[in-house]
Amino acid sequence: MAKGSANEKLDLRYLRNIGIIAHIDAGKTTTTERILYYTGMIHKIGEVHEGAATTDWMAQEKERGITITAAAITSSWTRHDQAYTINLIDTPGHVDFTAEVQRSLRVLDGGVVVFDGVAGVEPQSETVWRQANEYKVPRICFINKLDRTGASFERSLDSIRKRLTSNPIPIQYPYGDGDAFKGIVDLFSMELVTYGNDLGTDIKRVEIPADLREEAEEARQQMMDAIIEADEALTEKFLMEEEISDEELHAALRRATIANKAQPILCGSALKNKGVQMLLDAVIDFLPSPLDIPSVTGTDPNDEEVLLERQPSDEEPLSALVFKIATDPFVGRLAFIRVYSGVLRTGSTVTNSTQGKRERIGRLVRMFADKREDIEEIHAGDIAAALSLKNTFTGETLSAPDKPIVLEKISFPVPVIEIAIEPQSNADRDKMADALHKLAEEDPTFQVKTDEETGQTLLKGMGELHLEVLVDRLRREFKVDANVGKPRVSYREAITKSVRIDTTFKRQTGGSGQYARVVMEFEPITESDLEGAEESSDRKIFRDEQFIFEDQIRGGTIPKEWIKPTMMGVMDAMKGGVLAGTRWLVCGPSWLTVPSTTWTRPKWRSALRVRCA
Amino acid sequence: MAFRIAGSMCLKEGVQKASPAILEPRMRVEVVAPDDYTGDIIGNLSSRRGIIEGMEPRGEGVSSIRAIVPLGEMFGYATDLRSMTQGRGNFTMEFSGYHQVPQSIREEIMKGG
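Residues numbered from 1 in each chain as written. Chains lettered and ligands numbered in written order. Predicted model: local features only at pLDDT ≥ 70, side-chain atom pairs only at ≥ 80, totals over all residues. Heavy atoms only, no water.

Peer 1: How should I be thinking about unusual backbone geometry in this particular structure?
Peer 2: Peptide bonds are mostly trans, and most non-glycine residues show a negative phi. The phi dihedral of Asn-273 of chain A is positive, around 60 degrees, even though this residue is not glycine. Tracing the backbone through its elements, the reader meets Asn-273 of chain A in the loop between β11 (263-267) and α9 (276-286). (Helix = DSSP H or I, 4+ residues; strand = E, 2+ residues; numbered from the N terminus.)

Peer 1: What's the story with the nonpolar core in this structure? I'm lost.
Peer 2: Grouped together as the largest cluster of nonpolar side chains are 101 residues, with contacts concentrated most on Val-112, Ile-140 and Ile-227 of chain A. The greatest single-element share of this core, amounting to nine residues, is contributed by helix α6 (residues 210-230) of chain A. Excluding its chain neighbours within four sequence positions, the residues that come into contact with Val-112 of chain A are Ile-18, Gly-19, Ile-20, Ile-21, Ile-140, Phe-142, Leu-279, Val-283 and Leu-287 of chain A. In terms of nonpolar packing, the next biggest core, distinct from the first, is built from 32 residues, Phe-446 of chain A together with Val-29, Leu-45 and Ile-65 of chain B among them. (Core = buried A, V, L, I, M, F, W, Y, C linked by side-chain atoms within 4.5 Å. Buried < 20%, exposed > 50% of the residue type's maximum accessible area, 1.4 Å probe, protein only. Contact = heavy atoms within 4.5 Å.)

Peer 1: Please clarify how the packing of helix α2 (residues 38-47) of chain B against helix α3 (residues 77-85) of chain B should be interpreted in this entry.
Peer 2: Describing two packed helices takes the angle between their axes plus the distance from one axis to the other. Residue and element names in this part refer to chain B. The geometry of α2 relative to α3 is characterised by a closest axis approach of 10 Å and an angle of 155 degrees between their N-to-C directions. Compared by their axis directions, α2 and α3 come out roughly antiparallel. You can see that α2 and α3 cross each other, and the crossing is right-handed. Residue-level inspection shows Asp-40, Ile-41, Asn-44 and Leu-45 of α2 in contact with α3, the latter providing Tyr-77, Asp-80, Leu-81, Met-84 and Thr-85. The class makeup of the residues in the contact of α2 with α3 is five nonpolar, two polar and two charged. (Axes fitted to C-alpha atoms, helices over the stretch in contact; angles between N-to-C directions. Parallel < 35°, antiparallel > 145°, perpendicular 65-115°, else oblique. Left-handed = near helix turned anticlockwise from the far one by under 90°. Nonpolar A, V, L, I, M, F, W, Y, C, P; charged D, E, K, R; others polar.)

Peer 1: Any chance you could explain the sheet that holds strand β17 (residues 349-352) of chain A here in plain terms?
Peer 2: What holds strands together in a sheet is hydrogen bonding between their backbones, with the strands either parallel or antiparallel. Residue and element names in this part refer to chain A. Across the sheet, which stays open at both edges, the eight strands sit in the order β18-β17-β23-β14-β15-β22-β19-β20 with antiparallel pairing between neighbours. In this open sheet, the two strands that pair with only one neighbour each are β18 (357-360) and β20 (371-375). Across this sheet, the average inter-strand angle for adjacent strands is 40 degrees, counted without regard to direction. Against the sheet, helix α3 (residues 98-107) contacts β14 (319-328), β15 (332-341) and β22 (383-387), and its axis sits at roughly 150 degrees relative to β14. (Pairing = 2+ DSSP bridges.)

Peer 1: Explain the confidence of the model for chain A to me, please; I cannot follow it from the model alone.
Peer 2: For any part of a model where pLDDT is low, the fine detail of the predicted coordinates should not be relied upon. All names here are of chain A. Summary statistics for chain A give a mean pLDDT of 79 and a share of 82% for residues scoring 70 or more. Element-level pLDDT for chain A is lowest in strand β34 (residues 592-598), with a mean of 34, against a maximum mean of 94 in β11. Taken together, the stretch residues 1-8 has pLDDT below 50 and engages in 17 contacts with residues farther than four places along the chain or on a different chain. Scored below 50 in pLDDT, residues 580-613 makes 141 contacts in the model with residues more than four places away or belonging to other chains. (pLDDT = per-residue confidence, 0-100.)

Peer 1: I'm lost on the state of the cysteines in this one. Help?
Peer 2: Note on terminology: a disulfide is the covalent bond linking the sulfur atoms of two cysteines. Residues and elements named next belong to chain A. This model, assessed by the stated rule, comprises zero disulfides over all chains. With no disulfide of its own, Cys-141 lies 12 Å from the sulfur of Cys-267, the closest cysteine sulfur. Look at Cys-267 and you get buried, because its relative accessible area is 0%. (Disulfide = S-S within 2.5 Å.)

Peer 1: Teacher, can you tell me more about a negative patch on the surface here?
Peer 2: Residue and element names in this part refer to chain A. A contiguous patch of negative charge on the surface is contributed by Glu-154, Asp-177, Asp-211, Glu-214, Glu-215 and Glu-218. The dominant element in the negative patch, judged by the number of residues it contributes, is α6, at four residues. Positionally, Asp-177 belongs in the loop between β7 (172-175) and β8 (183-186). Residue Asp-177 is classed as partly exposed on the basis of its relative accessible area, which comes to 35%. (Patch = residues over 30% accessible without salt bridge, like charges linked within 9 Å, V, L, I, M, F, W, Y side chains within 5 Å. Areas by Shrake-Rupley, 256 points an atom, 1.4 Å probe, with all protein chains shown as cover. Salt bridge = Lys/Arg side-chain N within 4 Å of Asp/Glu carboxyl O. Lys, Arg positive; Asp, Glu negative; His and termini not counted. Charge placed at Lys NZ, Arg CZ, Asp CG, Glu CD.)

Peer 1: Help me understand the confidence of the model for chain B in this model?
Peer 2: Residues and elements named next belong to chain B. Residue-level pLDDT values for chain B average 82, and 96% of them are 70 or greater. When pLDDT is averaged over each helix and strand of chain B, the minimum, 73, is found for helix α4 (residues 103-112) and the maximum, 92, for α2. Two summary scores accompany this predicted model of the complex, namely pTM at 0.70 and ipTM at 0.80.

Peer 1: It is not clear to me how the packing of aromatic side chains should be interpreted in this structure. Could you clarify?
Peer 2: Here the distance between the centres and the angle between the planes together describe a pair of aromatic rings. All names here are of chain A. Counted by the stated rule, this structure contains six aromatic pairs over all chains. Ring centres of Phe-153 and Tyr-173 lie 6.0 Å apart, and the angle between their planes is 80 degrees; on these two criteria the pair is classed as edge-to-face. Placement of Phe-153 in helix α5 (residues 153-163) and of Tyr-173 in strand β7 is noted, with a sequence separation of 20 residues between them. The burial state of Phe-153 is the same as that of Tyr-173; both residues are buried. Cation over ring: Arg-139 sits above Trp-129, and NZ or CZ is 4.5 Å from the ring centre. It is Lys-182 that lies over the ring of Tyr-175; its NZ or CZ is 4.8 Å from the centre. (Phe/Tyr/Trp six-rings, centres within 6.5 Å; stacked < 30°, edge-to-face > 60°. Lys NZ or Arg CZ within 6 Å of the ring centre and 35° of its normal.)

Peer 1: I'm lost on the side chain of Thr-445 of chain A in this one. Help?
Peer 2: Residues and elements named next belong to chain A. With respect to the helices, strands and loops of the structure, Thr-445 is situated in the loop between α10 (426-442) and β26 (447-450). A polar atom in the side chain of Thr-445 sits 2.7 Å from the side chain of Asp-443. Ignoring anything within four residues of it in the chain, the contact list for Thr-445 reads Ala-99, Phe-412, Pro-413, Pro-415, Lys-460, Gly-461, Met-462 and His-466. (Polar contact = N/O pair within 3.5 Å; in protein donor to acceptor, adjacent residues only side chain to side chain.)

Peer 1: Teacher, can you tell me more about the pattern of salt bridges here?
Peer 2: It is possible for side chains of opposite charge to pair when their charged atoms get near one another. All names here are of chain A. Summed over the entire model, instances satisfying the criterion amount to 31 salt bridges over all chains. In this structure, the salt-bridge partner of Asp-292 is Arg-254, at a minimum N-O distance of 2.6 Å. Of the two residues, Asp-292 is situated in the loop between α9 and β12 (296-300) and Arg-254 in helix α8 (residues 246-258); the sequence distance between them amounts to 38 residues. Residue Asp-292 is classed as partly exposed on the basis of its relative accessible area, which comes to 35%. Because the salt bridges share partners, they merge into one network encompassing Arg-79, Asp-281 and Asp-285.

Peer 1: Help me understand the environment of Asp-314 of chain A, please; the structure alone is not making it clear to me.
Peer 2: Residue and element names in this part refer to chain A. Structurally, Asp-314 is set in the loop between β13 (303-310) and β14. Each C-alpha atom, one on Asp-314 and one on Gly-178, is 49 Å from the other, the two residues being 136 residues apart in sequence. Within the local environment of Asp-314, its side chain forms a polar contact with the side chain of His-379, the two groups lying 2.8 Å apart. A polar atom in the side chain of Asp-314 sits 3.1 Å from the backbone nitrogen of Ala-380.

Peer 1: Can you walk me through the sheet that holds strand β25 (residues 417-423) of chain A in this structure?
Peer 2: Residues and elements named next belong to chain A. Across the sheet, which stays open at both edges, the four strands sit in the order β26-β27-β25-β28 with antiparallel pairing between neighbours. At either margin of the open sheet sits one strand with a lone partner, and together these are β26 and β28 (482-485). Averaged over all adjacent pairs, the angle separating strand axes in this sheet is 30 degrees, with direction ignored. As defined by bridge partners, β25 adjoins strand β27 (residues 457-461) across five bridges and the pair is classed as antiparallel. Pairing of Glu-418 across the sheet is with Lys-460, part of β27. Relative to the sheet, helix α11 (residues 464-477) contacts β25, β27 and β28, its axis offset from that of β25 by approximately 20 degrees.

Peer 1: What am I meant to see in α11 of chain A here?
Peer 2: Note: α-helices contain 3.6 residues per turn, so residues at a spacing of three or four share the same orientation. Residues and elements named next belong to chain A. Spanning 14 residues, α11 covers 20 Å between terminal C-alpha atoms, matching the ideal 20 Å at 1.5 Å per step. Of the positions making up α11, those classed as buried are Leu-465, His-466, Leu-467, Val-469, Leu-470, Val-471, Asp-472, Arg-473 and Leu-474. Once α11 ends, the next one or two residues include Lys-479, with phi positive near 55 degrees. (Expected span 1.5 Å × (residues − 1).)

Peer 1: Looking at this model, I keep getting lost on the side chain of His-23 of chain A. Mind explaining?
Peer 2: Residue and element names in this part refer to chain A. For His-23, the position within the fold is in the loop between β1 (15-22) and α1 (28-38). Its relative accessible area of 14% is what places His-23 among the buried residues. Not counting residues within four places of it along the chain, the set of residues in contact with His-23 comprises Lys-28, Gly-93, Glu-122, Pro-123, Gln-124 and Ser-125.

As structure tokens, then:
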């Protein structure tokens, strides 16, 4: 196992919490896989297209070759003889799983945005870029797939500049593109990095060949100009015509990146194992440690007006954000936590300050994709997971019981599509409710509701793929078979003209028979009629949301006990609908029925007795 | 009980004779997307029996389109909108009111029921 992964105390300067974000198929997971390989976390590279990537551990992810859940993995990387711990979050690129990206960004300190060198900026890159802006996440960019035919570093760079309105500063320059992609020029050291084998383990730094010299010089000049422009101190120095060293440039670029004023651009091909080590170096060099970003702020749970601040230090009172709940097939409910200040220890009791409830911390684990390792505590600035937190949900804050704080919740997009789901058997019905509840807990963009009118169970989510995956998980993980379909729309019926109806009901079943005769008038009404219907001394009215029932019997010729059951009968019938059996009858706001009633005295027959309900 | 049954029968008969109509829920839909796609979006909404109410620029090359569309026609819209706009369009919808359905749809509903 790599260094710095277990329980040794973390020096925050040597910690990076980063996420890999990009458009679908730009190569996020491939890049992640390479990072894990070079950092010694895995010994064989698993390929996404073969369904063997480490972070895509769900069956659905392996089959589809896409990432669905953001997996958090710890790894380490040595730069200038110092071991750094990198908490890496691989995020999904598909728009349906945008919530995963959003909650990852909330807890990350920095991001690596991967671009497809052929396509340049793609729609989802724009979306994640905007989200990263929102959370003020500093980023570096990796222009991937430069070995593919049609790839162009220049064009990709241009699209980043134009479509993302950002300030990209290339710190590398490719040697050839497409099939001719041979190596990468490091614009700081002005060396050409070439690869002796396809595994990317035999790296040579050589002199830049003559045919590339001129272009490389020009690229370096542009880089220097851009860095100087982004940093005030350097601008001044430049104007004074003082010498500026590479170290100063490097430091200035780090400052500009963390302040979100610039994004260093790197290039390579993750699939062909080119440029990944340099990407890791850049992560260490340019992305912030937890100490470099502003300290976290929150509110006092007892008084929302009071703003509290917590420094990223173990000495501060505990504040931690639960950013993801996952159901693990082996260990059950897993809560991913970013600790902002203080230390979260096993066996301690903390307050869920969002709900004001106490939580006992059972096991804490560090995640390595789908494998895990038990740890005793999570320090300030670190990301790990807790088992068996029963009452805590995504976006809630855990804090020290005596110093509670509530951190800002993660906001999620509202679900946009709905499908109806129906269990195949009664046994499935019971399991389904439970399973849906669990899935909804994991995923804040997935909602379950029951339509009271149609009686259908509806699933609401972010897209068809999102719901398809959930239904698939229902089948595999929870063994629930269900059919899905288009949600039923609840129609209404209404009458469009007035009628007067005289109905007689007769039944004789031996003994006492039943007899009733009712005369009613029905007429369409409008919403304003409904609102304006008031009971007064000369109008006896009953109304609900759909109709007005007016009793026009005068002089007590008809016993009151007959009127109420008649109205109840009307209401019974209105539940059913007349035109299409199962629909509701009724009266939408613009068309309503008024049964105004007139009564004739029922005829009595000697053999029958009228019985009222 | 007799009056209850009579009341129920009376209403059923009455409704049948009073030219009943079927009403469907309609949604107020707002689509926000880059200008390049507004033509396609409006065309698609119309094919979903939508009534376009208006369109206004939102700045930065993005416009918002407002329309009233029957709920029954909105199935699959999120996916359609994404493929039409390369994932750059967004929409929201809320209940607007009930409205009478056209004859062709009415027949479909009655067959289905």
